[in-house]
Amino acid sequence: MVGAGHAGIEAALASARLGLDTILFTMNLDSVGNMPCNPSIGGTGKGHLVFEIDALGGEMGRAADLVTLQNRMLNSGKGPAVHSKRVQADRAAYHVLMKHTLETTDNLRLYQTEITDVLVENGAVSGVVTALGAVFECKAAIICAGTYLNGRVIVGEHAYPSGPDGLLPANSLTASLISLGIKTMRFKTGTPPRVLKSSVDLGKLEIQHGDTDIPFSALTDEEELAKRPDIPCYIVYTNEKTHEIIRSNLHRSPLFSGMIEGVGPRYCPSIEDKVVRFADKERHQLFVEPLGENTEELYIQGFSSSLPADVQVQMLHTLPGFEHALIMRQAYAIEYDCIDPTQLYPTLEFKDISGLYGAGQFNGTSGYEEAAAQGLIAGINAALKIKGEEPLILSRMDAYIGVLIDDLVMKGTNEPYRIMTSRSEYRLILRQDNADERLTPEGYRVGLISEERYEKFKEKQRRIEAEIQRAELTTVKASDELNRVLEEAGTAPLSAGIRLAELLRRPQVTYGLITEFDPTRTESKRILQCAQIRIKYEGYIKKQLAAAERQKKLENKKIPEGLDYSKIPGLRLEAQAKLNAIRPKSIGQAARISGVSPADISVLLIRLGE
Ligand SMILES: Cc1cc2nc3c(=O)[nH]c(=O)nc-3n(C[C@H](O)[C@H](O)[C@H](O)COP(=O)(O)OP(=O)(O)OC[C@H]3O[C@@H](n4cnc5c(N)ncnc54)[C@H](O)[C@@H]3O)c2cc1C
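Enquirer: What should I look at first to understand the environment of lysine 477 in this one?
Expert: Summarising the element assignment, lysine 477 is placed in the loop between strand 21 (475-476) and helix 15 (480-488). With relative accessibility at 71%, the residue lysine 477 sits in the exposed group. The residues contacting lysine 477, other than those within four sequence positions of it, are Leu482 and Gly497.

Written out as structure tokens, the structure reads:
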């Protein structure tokens, strides 16, 4: 594995835990699991990925639970499909925990060195070369090089070769990959300043506490998570003075002077980008986040910038409470090389180089969670291939991990790709609460979920079914007290007893609302949450499952390897070119390639004798 970031960690742990001799290279052991951006894990869509990583036997969920500083469920006022858990994570503790987990894993060696070359023989990877000239032979290699390849940091008029957080860049590997025929792209991302807590008047800011105690990992119980601190975040807003300073310095912005060539993330714009793009907005919301229990550094989410250092100080001092704030780390932008992910199969193996895989930011994504999900899939598939076993390919109907990888390898991306719930056609069946139901059997099949954990998983499914049964069979007695509670919640009082499940089907009613009227209840919060969603959305879930089944049929219509689309009469030229370039494995995949029309799919189906 080249890279011990969020992708490399999951890839290495998966490969080693599946019994493969594994070596994990990183430029700097003190940056294992580094969070160069916001010290948080999860969020809209990203929370779903973390639950899915855990359900498959990955590590991020468990680690995040153990270093949680604050725990929130975003979108809890909306439907369960978009409920997204997000934790503030202790950045330093996450690094220490992940490094120690790697160090204490059998079959796994950690090694600090720069990889400069990938060796290929007869179309298959055979080894990697270090900057010191050492050659490590291998049957598979996974590149998880993040934001380091030809890393270039830009702050105002200044630009210099660097990785994130002042770490060394990797300036040789891209050339080696290009010499192997791999197409690369230049992307960019940015981060805000870190500020000294004691230099901020927090009293002038809005405080925000955590609001949930559901853990990410099936290995973490609610009591254990409840013992974690609840360190607050704060909310502050920019104002006209902030915007004026930014506008009057746009001529010094590398973003607008053309000094930055890399393409940045649309969904994570810098503050100067927001001020220009949303000129009508009077203020922009910023979140002030703690970086750890044992540090005074604060992170200002939403204040990313590459404006000159002096301008950063001026604009910071316009924020209420920050009038005398002291910057500990400058905001900056970083450019780096990554690859065009349409060169990969859904296993994340390169189509043209057997045994070479890509994962994480290297594949054109942005985000710890997206990186970890890809690392896990690449690690599992590299191991399964070496063991001669069936690969693990998750479809868009199975998981957000499937949506992420399918979007990358089928459509590609021309900016750092981040997951969002809106990217899925099957949001209601791809919820956080059923990630284990969808994926733990697969984790067990590939060998990452132990027998003991699998039994616990099956027991949990049995308990959910039993709770739904109980709710269907239990009658809740009508009473004045209950009716008062129901009317306060804005739903009709009862004139007679009602099945618990029937009551729960009312939008306003939850298990929490009627606890005292449900004496036979015994289950934990996690089981009740799962049962409640299945009871309330039963009809919609059934409908979406049927749609997913129909799509699965198209996904299972396999396309024979090596089909030459230019020889299929009736296919449009654009479709022939796209299909020959991407080489889809199924009709379902072919249908998602941009430039391939439904008419082209009908021609293909006829050609395949369907
Ligand atoms: C400044 C900045 C701002 C960001 N802002 C955001 C944001 O706003 N939102 C968001 O979602 N994400 C953001 N990110 C991205 C987020 O940090 C990454 O998505 C995530 O860290 C990617 O994980 P990874 O494992 O792919 O790579 P990284 O975490 O970057 O890890 C890469 C690893 O590869 C190693 N490595 C690289 N090249 C070599 C080599 N040749 N030989 C040996 N080892 C090598 C490095 O030492 C490191 O261990 C930001 C990143 C940076 C740097």
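Resuming the write-up.
Enquirer: Can you help me understand the environment of serine 248 in this one?
Expert: Inspection of the secondary structure assignment puts serine 248 in the loop between helix 7 (240-247) and helix 8 (254-257). Remark: the alpha-carbon pair of serine 248 and phenylalanine 216, spanning 32 residues in sequence, is separated by 45 Å. Of the polar contacts made by the side chain of serine 248, one reaches the side chain of asparagine 249; its length is 3.5 Å.

Enquirer: I'm lost on the sheet that holds strand 13 (residues 194-196) in this one. Help?
Expert: The strands that make up a sheet are held in pairs by hydrogen bonds between backbone atoms, and each pair lies either parallel or antiparallel. Strand order in the open sheet formed by six strands is 14-15-16-17-13-18, with antiparallel pairing between adjacent strands. Edge strands, defined here as strands with exactly one partner in the open sheet, are strand 14 (206-208) and strand 18 (327-329). Averaged over all pairs of adjacent strands, the angle between strand axes in this sheet comes to 35 degrees, irrespective of strand direction. Pairing analysis gives two bridges linking strand 13 to strand 18, with the strands arranged antiparallel.

Enquirer: Looking at this structure, I do not really get the pairing of strand 10 (residues 152-155). What am I missing?
Expert: For a regular strand, side chains alternate in direction, first toward one face of the sheet and then toward the other. Of the strand pairs in this sheet, strand 10 and strand 19 (residues 332-339) are connected by three bridges, and their pairing is antiparallel. Paired with isoleucine 154 across the bridge in strand 19 is alanine 333. Pairing of strand 10 with strand 11 (residues 158-161), which is carried by four bridges, proceeds in the antiparallel orientation. Paired with valine 153 across the strands is tyrosine 160, a residue of strand 11. The antiparallel pairing of strand 10 with strand 11 creates a hairpin that spans two residues between the two strands, and glycine 156 there sits at a positive phi of about 60 degrees.

Enquirer: Help me understand the site of the ligand in this model?
Expert: As a matter of local geometry, the ligand sits amid 35 residues, with His6, Ala7, Ile115, Gln361 and Gly367 nearest to it. Contact between the ligand and alanine 4: an oxygen atom at 3.0 Å from a main-chain N or O atom of the residue. Methionine 27 places a polar main-chain atom, nitrogen or oxygen, 3.0 Å from an oxygen atom of the ligand. When the ligand is considered free in solution it has 990 Å² of accessible area, and contact with the protein chains removes 97% of it. At three residues, strand 12 (residues 184-191) tops the list of elements feeding residues into the shell around the ligand. Taken together, the residues of the shell around the ligand break down into 19 nonpolar, 14 polar and two charged.

Enquirer: Looking at this structure, I do not really get the sheet that holds strand 4 (residues 84-89). What am I missing?
Expert: Read from one edge of the open sheet, three strands run 2-4-3, paired in antiparallel fashion. Where the open sheet ends on each side, the last strands, each with one partner, are strand 2 (40-42) and strand 3 (68-74). For this sheet, the mean angle separating the axes of adjacent strands, direction not counted, is 20 degrees. Pairing of strand 2 with strand 4, which is carried by three bridges, proceeds in the antiparallel orientation. Each residue of the ladder has a partner; that of isoleucine 41, found in strand 4, is valine 87. Contacting strand 2 and strand 4, helix 2 (residues 46-56) runs over the sheet at an angle of about 75 degrees to strand 2.

The rules behind the values
Residues numbered from 1 in each chain as written. Predicted model: local features only at pLDDT ≥ 70, side-chain atom pairs only at ≥ 80, totals over all residues. Heavy atoms only, no water. Helix = DSSP H or I, 4+ residues; strand = E, 2+ residues; numbered from the N terminus. Buried < 20%, exposed > 50% of the residue type's maximum accessible area, 1.4 Å probe, protein only. Contact = heavy atoms within 4.5 Å. Polar contact = N/O pair within 3.5 Å; in protein donor to acceptor, adjacent residues only side chain to side chain. Pairing = 2+ DSSP bridges. Axes fitted to C-alpha atoms, helices over the stretch in contact; angles between N-to-C directions. Near = heavy atom within 4 Å. Areas by Shrake-Rupley, 256 points an atom, 1.4 Å probe, with all protein chains shown as cover. Nonpolar A, V, L, I, M, F, W, Y, C, P; charged D, E, K, R; others polar.

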